[in-house]
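# Descriptive analysis of the structure
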Protein chains: 4
Amino acid sequence: MAKKQLRVGMIGYGFMGRAHSNAYKQVGQFFPSQHEVVLKAACARNADQIKAFADQWGYESTETDWKKLIERKDIDVVDICTPNNLHKEIALAAAAAGKMILCEKPLAMNSAEGKIMVDAVEKAKVPNMVWYNYRRIPAVTLAKKLIEEGRLGKIFHYRAKFLQDWTIKSDLPQGGQGLWRLDVEAAGSGVSGDLLAHCIDTALWLNGRLDTVNCMTETFVKERMHNLTGKVEKVGIDDACIFMGKFENGSLANFESTRYARGHKALYTFEINGENMSIGWDLHDLHRLQIFDYKDEGKIRGWKSIHVTDNSPDHPYMANWWVPGLAIGYDSSFTHQVADFIQGLETGKPQGPTFRDALETQQVLDAILDSAKSQKWVTVAK
Amino acid sequence: MAKKQLRVGMIGYGFMGRAHSNAYKQVGQFFPSQHEVVLKAACARNADQIKAFADQWGYESTETDWKKLIERKDIDVVDICTPNNLHKEIALAAAAAGKMILCEKPLAMNSAEGKIMVDAVEKAKVPNMVWYNYRRIPAVTLAKKLIEEGRLGKIFHYRAKFLQDWTIKSDLPQGGQGLWRLDVEAAGSGVSGDLLAHCIDTALWLNGRLDTVNCMTETFVKERMHNLTGKVEKVGIDDACIFMGKFENGSLANFESTRYARGHKALYTFEINGENMSIGWDLHDLHRLQIFDYKDEGKIRGWKSIHVTDNSPDHPYMANWWVPGLAIGYDSSFTHQVADFIQGLETGKPQGPTFRDALETQQVLDAILDSAKSQKWVTVAK
Amino acid sequence: MAKKQLRVGMIGYGFMGRAHSNAYKQVGQFFPSQHEVVLKAACARNADQIKAFADQWGYESTETDWKKLIERKDIDVVDICTPNNLHKEIALAAAAAGKMILCEKPLAMNSAEGKIMVDAVEKAKVPNMVWYNYRRIPAVTLAKKLIEEGRLGKIFHYRAKFLQDWTIKSDLPQGGQGLWRLDVEAAGSGVSGDLLAHCIDTALWLNGRLDTVNCMTETFVKERMHNLTGKVEKVGIDDACIFMGKFENGSLANFESTRYARGHKALYTFEINGENMSIGWDLHDLHRLQIFDYKDEGKIRGWKSIHVTDNSPDHPYMANWWVPGLAIGYDSSFTHQVADFIQGLETGKPQGPTFRDALETQQVLDAILDSAKSQKWVTVAK
Amino acid sequence: MAKKQLRVGMIGYGFMGRAHSNAYKQVGQFFPSQHEVVLKAACARNADQIKAFADQWGYESTETDWKKLIERKDIDVVDICTPNNLHKEIALAAAAAGKMILCEKPLAMNSAEGKIMVDAVEKAKVPNMVWYNYRRIPAVTLAKKLIEEGRLGKIFHYRAKFLQDWTIKSDLPQGGQGLWRLDVEAAGSGVSGDLLAHCIDTALWLNGRLDTVNCMTETFVKERMHNLTGKVEKVGIDDACIFMGKFENGSLANFESTRYARGHKALYTFEINGENMSIGWDLHDLHRLQIFDYKDEGKIRGWKSIHVTDNSPDHPYMANWWVPGLAIGYDSSFTHQVADFIQGLETGKPQGPTFRDALETQQVLDAILDSAKSQKWVTVAK
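Residues numbered from 1 in each chain as written. Chains lettered and ligands numbered in written order. Predicted model: local features only at pLDDT ≥ 70, side-chain atom pairs only at ≥ 80, totals over all residues. Heavy atoms only, no water.

### A look at the relation of the copies chain B and chain A
Rotating chain B by 180° and translating it 0.0 Å along the rotation axis places it on chain A, where the RMSD comes to 0.0 Å. On the angle and the small slide along the axis, the relation comes out as a two-fold axis. Scanning chain B for the C-alpha nearest the rotation axis identifies Lys 376 of chain B, at a separation of 3.3 Å. Interface overlap between copies is the fraction of interface residues in one copy that are interface residues in the other; for chain B against chain A it reaches 100%, indicating a shared surface. (Least-squares fit on C-alpha atoms with pLDDT ≥ 70 in both. Contact = heavy atoms within 4.5 Å.)

Written out as structure tokens, the structure reads:
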């Protein structure tokens, strides 16, 4: 049976461009389906760089103008891997052209933009998804299953952190390639949009909507040299962001993100405390899920570390990889996302996070940044 | 050389009464000094129970009226181990009688009470101390040393949590012996005064004063049967408490405490992120200190787990115990506190936390509870 | 009700003399019984040193000749804390005098000596016990319970290690106070008798007898200055000892001990792999027991870390200490041993390890040292 | 610049066939070189299955007779992923045909076979390598660097284990596809050749040659149904294997492997204790290296957990992957091996383990199995 082609047009070629490309190349071997992903075209303004990228990753062609890419008839899916400030314009054009869209997170610069994007893809009825990849780390997906099975009971607490330490040096410049995440014009915000967005997406998925939030942000280094202007400029992003809040289910939220936590490279952790079970996860050891099951007999109750690597249906996605005990890496979460996107196409049941799902995260981001500014409790828009 | 007697009069005989008594009995063997602690009298309203306690622990006599105890000429030190609502009255009387005072934490029901107590002991010039024992876990004391040596550099973050799970059952009653911590009349507050007070004391000691705070509290179980009245009554304490804030040194605070975190028995943890070093500690493995030293060579940088058990001056207090690798328990922190109190007497340099130190913690507690009520940022009184 | 006195005569005042004394002083408070332990006399050759020790620990009197101590009518229990080469002579005299005996481990220099000692105490019908204290760490006792309840099923593997690093420096002398463990004349052997003896005692208790063994030993530093002679002398002890073997129940043994494992202070670990459950323990975190329960549901199977600190009958000994989450230290294992010894007296059911139990360990020690010499498999004598 | 093709002919399509194929497909993107790997042909007896495999993984053609594959002019590299009993014959033919050879481990059924294979590839002067992939887990490679830099000093101990639990069920059959590792005819041995071989390869690489060994093996389940004959037959493999020994550098070896350690999926661990530094690693958390550096200042000495994920030259191979904190998986070790094989071709400096290196492992395997049979110490052939 001939497979149906899914021709990808990739815009951007940075860290995420590479991660997605690897996923497109792996998915057919590890998660075979009726579709065949074809790396049709890669696009970026710099012709030489995008040519080199395309050669290395096997894209058949290149473009230097994303509008051209979107016009091409031989592209089925547009993958948006640009800085955040370009997401909206590209997505609207792609939706208008009837392309499926896979967009990097956060969806937009703010929820106003995000709303427009949701309307566009829904009106155009194009399949769409946002790359909140951590949902598809097997241990995280297993957490979701345990929750759906009702094992946790009433939830009291949800705690999440995303700690990094790479911007402590005050002579690190802001802006431009590789550093656009430090430039508020390109990124929209700092750790809130870059890191907390992941924590929020996972939380909404696992624990439902947030009702109210109260937030503080801090910019430790107030000025940095800007790579694009060559001048020392005011830093507009948040270096650290803490918020507390309440979920609709009555549980308390404690979220924190920073790039000034010396010793933590990318320590995304969450812990959920339910009446009957608690669950914890940690990106630094992403193949493990921690659980405490109150139903265990008293004398042998304790926190259990599950090595989520069994090649059986017990452990999500892992039946398609190796044998028990052999961990997969961070990159696999993207492969799983492509596999699920394709499954969504084939079953007609779109897999999240869709643009609409991602808009909820954007609304929380808006609320926390509003709260940080007003120094008041803020209700999350819905 | 004959030792000088330090005759203790203990008021209360619960969990803390036992912990302090054990310390009084151990201190002479492990931290010999010019003083000899004598367990002179134990006091509680119930004559039979205090007699049994005194017999078991070797107190020479008993009293059933704490005022009588304070009047006795053969008592040098009054140890206040009663519920919080009695601290003030006893302390004032003891100070008036010229007794040294060791008072359980938190110092008082609120900072107004605490202020009066501080004034009283300072006016009476009696040595005084509050049992914030965690300062004297060797790993925590080592953390203090590393900070004093300036190893951390500029501090960006201070995070502390104290998580328990013992009140999740809604049919647990409130009030009376063993459960007075759930009764707002006796305890003053819930997890804030009971648990967060420890976190705050350690934080002020390690990281300096808090400037501003923003807090939320929650009472998950709204009504419980009251043991003293036999009726179902409204629960007045906070079951969970989260606050964020800013220290005077510019670092951000993220504190949380709850008795609804399934799977955590007494998980007091803190982490400090400095420019050059980060430090973490965890009461569940109290003999270990975690550090990340950015000065380490890049290729071998990582979090280090220090087993703080060397019988050498390197590891505080440990030269007086066993041999490397053999951990001491929770109870030793009290022994260390008595040893240091005596050292304070002998050197004339009082060791903290004094009543005055503990008042600062009380001021933070007032501020967070105010904030929880007003839903606003609150500046900590000084 | 007046308590019955148990008057202790302690011989020796080193590390173990202190650990036992602390236990004698604590037992009445934490494990009250019908007996009252009285620290009657402490004995050592150096009059000044033993006087200082007695003063510090509250012994009523001192002796400088252990024979005198044993003759005293006011001594009920003789506690032997001397170097190993004196155990036999003292024990025989104490038994002949009808004293109860608590003897430090290993029981003897070899099993020939041990056999004589067993015969002596059994003929004299005096209560006797050997200080293999690790049986009474709550986590280890819990392991015993799980095994007795049949939870492990058929046992396949038993692995134990005791790793230290304190003798790596080649200029460390041998012999004399504090270092007699490095002197083969005083100690009988090196790590085998000092460290592996503990591992073997626990193993025989948890897993039954060893059938056959095959061993290698190594002395890394061949000569050391001898503190007693002032000369550089050949080192007679084993610095490292590895043996494999087979238990009577068919499981395989893998044991190792060394004082040359850089980074390990006193890392006594064991792991037992049964058909249905595996169990692991580690002295460096002595309050935790690790278990893997194959009966757990597949998707949430994993290694569980039990914090053995619940003040309930679930966790052995812990109901007598503090509250959940608060760990006790290494020293408590001795307190438990005294409590159990007294319970043995009161119930008429002697608690192990008796001299007879400890003889089995001695027989394994003989067998492994024979094997190391002969380079052959050796059957353990019974 | 046009790349040079490296046309692979793969024999076998099981677990390893998939792991190698993934590596061939990834290497060009993550470790670009002057070579381009081309998946030319896949070969197995079953035409349908190999066709399906080739389609899924993108092999251009298939063969059902490995001799035909080797005859093909368009194949540069033969990859041998068959059961062990076919390695020799195929390797000899491939060498005779002048093909480069990548052979699965262990090299051969025994060292006699291995010797013939080494002679063949060396005579034919064909590049050759054996898939001992764990050398190329970044944390393990970092361990090698630390050793080469002389940081450990004199080595005292080398300990390695490979523990699994998948064959405990006695009704698991032996033999045939997926289970040939349990059939002594196909595998040659049990855990020794399958698992210990990995431990030995790493050890010889990190710590030099083994001199003498003393081994015991055990077959817990004596009979299993054979999938190829349909009859219950005697089990010929070792289920567990423990050996001790001495390395040429004077350090002691303690090695163990089993498939009966309940709770361990693929727990390959090693620890090296040097005078100045100790190092440990664990396949279950493969992205971490544990080190203890005695040169650290006393008060902050401890075991450090290095998260070997920095995209910098500090952490081997990682500069080519993602950003700090994001772990790669087990599969990457194969990608690294292909990258290094190609680098060996391009630089003219062959990267190990070559067939000759792998022969040393085979000689240790022979020695331990001899020792298990003779119950004596055996000197490793050289």
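From this point on, the discussion continues.
### Focus on the interface of chain B and chain A
Contact with chain B, which involves 40 residues of that partner, is made by 40 residues of chain A. Taken over both partners, the interface formed by chain B and chain A buries close to 3,500 Å², and the fraction arising from carbon and sulfur atoms is 60%. Among the residues chain B hides against chain A, the three largest losses belong to Met 216, Met 244 and Arg 262 of chain B. Together they make up 20% of the total. Taken together, the connections running from chain B to chain A amount to 4 salt bridges. Here Glu 256 of chain B and Arg 159 of chain A are joined by a salt bridge, their closest N and O atoms 3.1 Å apart. Where chain B meets chain A, there are 20 residue pairs in polar contact (both at pLDDT 80 or more). (Buried area = accessible area lost by both parts, 1.4 Å probe. Salt bridge = Lys/Arg side-chain N within 4 Å of Asp/Glu carboxyl O. Polar contact = N/O pair within 3.5 Å; in protein donor to acceptor, adjacent residues only side chain to side chain.)

### Here's the deal with the relation of the copies chain B and chain D
Mapping one chain copy onto the other needs a rotation about an axis and a shift along that axis. Once chain B has been moved 0.0 Å along the axis and rotated by 180°, it coincides with chain D to within an RMSD of 0.0 Å. Looking at chain B, 100% of its interface residues are interface residues in chain D too, so the copies touch through the same face.

### Considerations on the UniProt feature "domain: Gfo/Idh/MocA-like oxidoreductase N-terminal" (unreviewed entry) in chain A
According to UniProt, the positions carrying the feature "domain: Gfo/Idh/MocA-like oxidoreductase N-terminal" (unreviewed entry) are residues 6-130 of chain A. Across residues 6-130 of chain A, the secondary structure splits into 46% helix and 23% strand, with the terminal C-alpha atoms separated by 17 Å. (UniProt positions renumbered as here; feature names shortened; annotations may be inferred. Helix = DSSP H or I, 4+ residues; strand = E, 2+ residues; numbered from the N terminus.)

### Let's talk about the pattern of salt bridges
Once their charged atoms are close, side chains differing in charge can pair, the charge on each being opposite to the other. Enumeration according to the criterion identifies 116 salt bridges over all chains in this entry. With a closest N to O distance of 2.8 Å, Asp 296 of chain C and Lys 304 of chain A form a salt bridge. With Asp 296 of chain C in the loop between strand E15 (288-293) and strand E16 (303-307) and Lys 304 of chain A in strand E16 (residues 303-307), this pair bridges two chains. A salt bridge links Arg 151 of chain D to Glu 149 of chain D; the shortest N-O distance between them is 2.6 Å. The exposure class of Glu 149 of chain D is partly exposed, given its relative accessible area of 39%. One salt-bridge network, in which partners are shared between bridges, spans Lys 105, Arg 181, Asp 194 and Arg 259 of chain A. (Buried < 20%, exposed > 50% of the residue type's maximum accessible area, 1.4 Å probe, protein only.)

### Notes on the sheet that holds strand E4 (residues 77-80) of chain D
Within a sheet, each strand pairs with its neighbour through backbone hydrogen bonds, oriented either parallel or antiparallel. Residue and element names in this part refer to chain D. The strand order E3-E2-E1-E4-E5-E6 describes an open sheet built from 6 strands, whose pairing is parallel. Of all strands in the sheet, those bounded by a partner on one side alone are strand E3 (61-63) and strand E6 (128-130). Between one strand axis and the next, the sheet turns by 25° as a mean value, whatever way the strands run. As paired elements, strand E5 (residues 100-103) and E6 share 3 bridges and run parallel to each other. Within E6, the residue paired with Cys 103 across the bridge is Val 130. Where helix H9 (residues 332-347) meets the sheet, it contacts strand E1 (4-11), strand E2 (35-43), E5 and E6, and its direction lies at approximately 120° from that of E2. Seen against the sheet, helix H10 (residues 355-374) touches E5 and E6 and runs at an angle of roughly 35° to E6. (Pairing = 2+ DSSP bridges. Axes fitted to C-alpha atoms, helices over the stretch in contact; angles between N-to-C directions.)

### Section: the side chain of Asn 254 of chain D
Among the structural elements, Asn 254 of chain D can be located in strand E12 (residues 252-258). Overall, Asn 254 of chain D belongs to the buried group, its relative accessible area being 5%. A polar atom in the side chain of Asn 254 of chain D sits 3.1 Å from the side chain of Asn 254 of chain C. A distance of 2.7 Å separates the side chain of Asn 254 of chain D from the side chain of Glu 256 of chain C, its partner in a polar contact. Residues contacting Asn 254 of chain D, with those up to four places away along its chain left out, are Ile 242, Asn 254 and Glu 256 of chain C together with Tyr 158, Arg 159, Ala 160 and Phe 243 of chain D.

### Focus: the packing of aromatic side chains
Residue and element names in this part refer to chain C. Taken as a whole and assessed by the stated rule, the structure comprises 128 aromatic pairs over all chains. Taking the centre distance of 6.2 Å and the plane angle of 65° together, the rings of Phe 31 and Trp 321 count as edge-to-face. Residue Phe 31 is located in the loop between helix H1 (15-30) and strand E2 (35-43), and its partner Trp 321 is located in the loop between E16 and helix H9 (332-347); the two are separated by 290 residues in the primary sequence. In this structure, Phe 31 and Trp 321 share a single accessibility class: buried. On the basis of an interplanar angle of 85° and a centroid distance of 5.3 Å, the ring pair of Tyr 268 and Trp 281 is categorised as edge-to-face. Remark: Trp 281 occurs in strand E14 (residues 277-282) and Tyr 268 occurs in strand E13 (residues 267-274); sequence separation between them is 13 residues. Of the two residues, Tyr 268 and Trp 281, neither departs from the other in class, the shared state being buried. (Phe/Tyr/Trp six-rings, centres within 6.5 Å; stacked < 30°, edge-to-face > 60°.)

### A closer look at the packing of helix H6 (residues 138-148) of chain A against helix H8 (residues 191-207) of chain A
Residue and element names in this part refer to chain A. The interhelical angle for the contact between H6 and H8, taken along N-to-C directions, is 25°, at an axis separation of 9 Å. Classified by the angle their axes make, H6 and H8 are roughly parallel. Of the residues in H8, those touching H6 at Val 140, Thr 141, Ala 143, Lys 144 and Ile 147 are Thr 202, Trp 205 and Leu 206. (Parallel < 35°, antiparallel > 145°, perpendicular 65-115°, else oblique.)

### Quick notes on the interface of chain B and chain D
Taken together, the contact between chain B and chain D spans 19 residues of the former and 19 residues of the latter. Taken together, the two surfaces of chain B and chain D that pack against each other cover about 1,600 Å², and 46% of this comes from carbon and sulfur. Taken as a group, Lys 299, Ile 300 and Lys 304 of chain B account for 44% of the area that chain B buries against chain D, more than any other trio of residues on that side. Taken together, the links from chain B to chain D amount to 6 salt bridges. Close ionic contact of Glu 297 of chain D with Arg 151 of chain B constitutes a salt bridge, the shortest N to O distance being 2.6 Å. Inspection of the chain B/chain D interface yields 12 residue pairs in polar contact (both at pLDDT 80 or more). Counting residues per element, the ones that place at least two in the side of chain B that touches chain D are helix H6 (138-148), strand E15 (288-293) and strand E16 (303-307) of chain B. Here the side of chain B that touches chain D gets 4 residues from one element, more than from any other, and that element is E16 of chain B. Considering only residue class, the side of chain B that touches chain D consists of 6 nonpolar, 4 polar and 9 charged. In terms of strand pairing, E16 of chain B meets strand E16 (residues 303-307) of chain D through 3 bridges, oriented antiparallel. (Nonpolar A, V, L, I, M, F, W, Y, C, P; charged D, E, K, R; others polar.)

### Regarding the sheet that holds strand E6 (residues 128-130) of chain C
Residue and element names in this part refer to chain C. Strand order in this open sheet of 6 strands is E3-E2-E1-E4-E5-E6, and the pairing throughout is parallel. Strands at the two margins of the open sheet, each flanked by one partner only, are strand E3 (61-63) and E6. Each neighbouring strand pair of the sheet contributes to a mean axis angle of 25°, computed without reference to strand direction. Where strand E1 (residues 4-11) lies against strand E4 (residues 77-80), 4 bridges are found, and the strand directions are parallel. Its bridge partner being in E4, Val 8 is matched across the sheet by Val 77. Along the sheet face, H1 touches E1, E2, E4 and strand E5 (100-103) and points at about 170° away from the line of E1.

### As for the pairing of strand E11 (residues 240-247) of chain C
Residues and elements named next belong to chain C. Most of E11 sits out of view: 7 of its 8 residues are buried. Relative to E11, strand E8 (residues 210-218) runs antiparallel, the two sharing 8 bridges. Bridging from a neighbouring strand, Val 213 pairs with Gly 245 of E11. Where E11 lies against strand E12 (residues 252-258), 7 bridges are found, and the strand directions are antiparallel. In the strand pairing of E12, Phe 243 is matched with Phe 255. Between E11 and E12, which pair antiparallel in sequence order, lie 4 residues; one of them, Gly 250, sits at a positive phi of approximately 90°.

### Concerning the environment of Leu 204 of chain B
Within the fold, Leu 204 of chain B resides in helix H8 (residues 191-207). Not counting residues within four places of it along the chain, the set of residues in contact with Leu 204 of chain B comprises Arg 209, Leu 210, Glu 360, Thr 361 and Val 364 of chain B.

### Some points on H8 of chain B
In the structure, H8 of chain B departs most strongly from a straight axis at Ala 197 of chain B, where the bend amounts to approximately 45°. In terms of burial, H8 of chain B is largely enclosed, as 16 of its 17 residues are buried. (Bend = angle between axes of the 7 residues up to and from the residue.)

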